[in-house]
Amino acid sequence: MQRQFRIIATQKKTATVIDLSDFSERQVFFNRKLKPICGDYVALSKDQNDYRIDQILPRDTVFSRADRHGRRQHLAANVDQVLIIMAVSPEPTRDIINRYLVAAELNHIQPILVFNKIDLQSDYFINTAHNYRQLGYPVFMTSTQQIDTIKELQQSLQGKTSLLAGQSGVGKSSLSNLLFPALDLKTGDLAKKTGKGAHTTSVTQLYYDKSQAAFLIDSPGVWEYGLWHLTPIEIARGFREFQDFMGTCKFSNCSHSHEPDCAVIQAVADGKITAKRYQSFIRICESMHYWNPNNY
């Protein structure tokens with residue numbers, strides 16, 4: 001079925017869609033049994049003057065996070081790449097980059113790391129950026145005060161659907177306004193007491209730039225990104241450098257935390273996996289206790 005209509009944003013009973021034939025927008029209704037999300041391609045029917053969603057077309061990919069019960073909550077569909085935005089201020093919380101990378105890897109979405117606000121401290125992310133480049137991740141160093149740093153990142157968006165994710169206050173909206181010049185998203189300042197950003201984006205919303213043939217999905221900022229309930233084996237699949245050693249441990253259900261003859265633990269000892277990334281893996285596994293302590 002032809003992909004003609006795409007969800008821009010959803011409300012309780014209605015959604016805003018873009019008609020890809022002429023790029024016009026319209027409000028449509030949907031049955032509560034359907035659960036369309038931003039980025040979905042949908043089939044519509046017309047009933048008198050109202051349009052209604054009849055079908056959600058098969059999704060290529062879905063980007064998710066945990067709800068407050070640890071269940072997987074879908075944020076956006078048909079995403080080609082996720083831009084993980086971090087900044088000098090507010091500085092990233094521990095493990096948040098690796099949490100986003102696990103989500104991207106498990107959802108089969110290309111992650112792109114963007115270290116923003118480098119004008120505040122140009123060398124702040126130098127070592128971090130180098131380490132992630134060594135793992136094969138695309139990395140960009142940007143500043144909205146230095147337009148030249150935005151151009152290369154902008155080229156990577158062309159013809160793609162890109163989702164922006166990151167903590168509140170890292171400059172997602174300011175970056176969006178430069179990446180998609182037709183946008184005029186509201187931007188906010190960091191709170192003076194906490195150093196945290198305000199949530200200037202309240203809903204996940206899709207934008208289209210005809211000149212770049214590109215879609216941009218802006219998601220609400222977070223203070224911490226929560227992964228849904230995952231097993232250690234699933235989390236390990238989200239660590240790219242673990243893959244060469246997966247399946248070679250003594251035990252097929254190895255958690256890579258304490259078992260004898262664990263190939264991952266040996267790789268850490270041999271310097272093939274950095275201790276810093278491995279400790280992050282252990283902390284993420286341990287954080288799953290919060291969702292279901294009886295399983296551990």
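Chemist: When you look at the overall build of the protein chain in this model, what are you seeing that I'm missing?
Modeler: Along its length, the protein chain carries seven helices and 13 strands. With the C-alpha coordinates of the protein chain rotated into their principal frame, the extents come out at 70 × 45 × 35 Å. When the 296 residues of the protein chain are sorted by exposure, 49% land in the buried category. Pairs at least 24 residues apart make up 61% of the contacts formed inside the protein chain by residues separated by at least 6 positions. As displayed, the protein chain has an accessible area near 15,400 Å², and 46% of this comes from carbon and sulfur atoms.

Chemist: Even after reading the chapter, I still don't get the environment of Gln-154, so can you show me in this structure?
Modeler: Take Gln-154: it is sitting in helix H3 (residues 148-155). Each C-alpha atom of the pair Gln-154 and Ser-176 lies 9.7 Å from the other, and the pair is 22 residues apart in sequence.

Chemist: Sorry if this is basic, but what is going on with the packing of aromatic side chains here?
Modeler: To describe a pair of aromatic rings, one takes the distance between the centres and the angle between the planes. This structure, assessed with the given rule, holds 11 aromatic pairs. On the basis of an interplanar angle of 20° and a centroid distance of 4.4 Å, the ring pair of Phe-115 and Phe-125 is categorised as stacked. Of this pair, Phe-115 sits in strand E9 (residues 110-116) while Phe-125 sits in the loop between E9 and helix H2 (126-134), and the two are 10 residues apart along the sequence. Like Phe-125, Phe-115 is buried. Between Tyr-208 and Phe-215 the ring centres are 4.7 Å apart and the planes differ by 45°, which places this aromatic pair in the tilted class. Overall, Phe-215 belongs to the buried group, its relative accessible area being 10%. A cation over an aromatic ring shows up here: Arg-72 above the ring of Trp-228, its NZ or CZ 5.0 Å from the ring centre. One cation-aromatic arrangement involves Arg-240 over Tyr-137; the distance from NZ or CZ to the ring centre is 3.9 Å.

The rules behind each value
- Residues numbered from 1 in each chain as written.
- Predicted model: local features only at pLDDT ≥ 70, side-chain atom pairs only at ≥ 80, totals over all residues.
- Heavy atoms only, no water.
- Helix = DSSP H or I, 4+ residues; strand = E, 2+ residues; numbered from the N terminus.
- Buried < 20%, exposed > 50% of the residue type's maximum accessible area, 1.4 Å probe, protein only.
- Contact = heavy atoms within 4.5 Å.
- Areas by Shrake-Rupley, 256 points an atom, 1.4 Å probe, with all protein chains shown as cover.
- Phe/Tyr/Trp six-rings, centres within 6.5 Å; stacked < 30°, edge-to-face > 60°.
- Lys NZ or Arg CZ within 6 Å of the ring centre and 35° of its normal.

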